[in-house]
Amino acid sequence: MEPTYNPIAVISGDIVSSTKLTSDQFEQLLERIKEIQKWITEGYSSNAHSIERGDEFQTVVHDIENALRYTIIYRVGIKALGKAFESRISFAIASNADLRESVSESMGDAFVLSGRGLKTLKNDRLLFNSDSIELTEHFDLLLKYLDRQLTDLTSCQCEVMLPMLRTNEGLSISALAKQLNVATATASKSFKASGWPLISELNGRFINQVAGLKYV
């Protein structure tokens with residue numbers, strides 16, 4: 001057990017209607033979740049993950065300012081696989097945790113808030129909580145709008161947005177099209193429809209708010 005008094009973020013998620021997936025789709029999903037978790041660890045080596053029964057996943061995030069971006073990567077990365085794929089995700093930021101080698105055995109307020117939030121999700125697909133009431137309230141309505149936007153995205157729009165989220169940098173449409181091996185016009189159309197500028201702006205606001213938090 002490794003106690004930490006610094007704030008951490010915990011992302012907890014599961015797959016909507018996972019029992020309806022074929023075995024091939026399930027393997028495709030599992031591969032994508034592992035791929036996403038690898039990306040998140042590349043962003044910060046101390047971040048850790050778990051996958052339970054193949055359709056539930058959890059990530060411990062130490063670079064908490066990136067928690068929203070990682071959450072969106074999960075949603076968008078899974079949706080990019082096709083119409084059959086969707087996830088529900090609850091993430092939380094809180095101080096004081098007991099971290100174990102196994103993420104599923106770790107404990108702390110962020111784990112409780114994230115797990116409890118996931119259980120309450122029904123029609124919604126995204127929820128955020130924190131031990132900072134001000135932070136939670138500040139992003140409550142904004143993330144409800146984000147949830148609606150992400151839910152309405154097509155798999156093509158998700159596929160175009162994913163490289164932008166992964167690199168956390170601005171890519172030109174031509175560079176994006178080259179990376180995805182699609183026509184520039186196709187990438188441009190999907191990119192404009194994705195609502196990326198507003199999503200990027202919201203992520204920037206989240207980064208600034210979390211970076212400025214003062215925890216007791």
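The preceding data block contains the structure.
Worth saying up front: this structure is predicted, and the values here are computed from it rather than measured. (Residues numbered from 1 in each chain as written. Predicted model: local features only at pLDDT ≥ 70, side-chain atom pairs only at ≥ 80, totals over all residues. Heavy atoms only, no water.)

Student: Looking at this model, I keep getting lost on the pattern of salt bridges. Mind explaining?
Tutor: Once their charged atoms are close, side chains differing in charge can pair, the charge on each being opposite to the other. All told, the structure shown has 7 salt bridges when counted by the stated rule. Residue Lys 79 pairs with Glu 86 through a salt bridge whose shortest N-O separation is 3.4 Å. Each of the two residues, Lys 79 as well as Glu 86, counts as buried. Residue Asp 140 is joined to Lys 144 by a salt bridge in which the shortest nitrogen-to-oxygen separation is 3.6 Å. Pair noted here: Asp 140 and Lys 144 are both in helix H4 (residues 133–152), with a separation of 4 residues, about one helical turn. Accessibility expressed as a relative area gives 49% for Lys 144, which makes it partly exposed. Overlapping salt bridges bring together Arg 75, Lys 79, Glu 86 and Asp 147 as one network. (Salt bridge = Lys/Arg side-chain N within 4 Å of Asp/Glu carboxyl O. Buried < 20%, exposed > 50% of the residue type's maximum accessible area, 1.4 Å probe, protein only. Helix = DSSP H or I, 4+ residues; strand = E, 2+ residues; numbered from the N terminus.)

Student: Sorry if this is basic, but what is going on with the pairing of strand E8 (residues 126–130) here?
Tutor: Within a regular beta strand, the side chains point alternately toward one face of the sheet and then the other, so they alternate between its two faces. Here E8 shows one buried face, formed by Leu 126, Phe 128 and Ser 130, and one open face, formed by Leu 127 and Asn 129. Pairing geometry for strand E5 (residues 87–94) and E8, over 5 bridges, is parallel. Looking across to E8, one finds that Ile 89 is bridged to Leu 126. (Pairing = 2+ DSSP bridges.)

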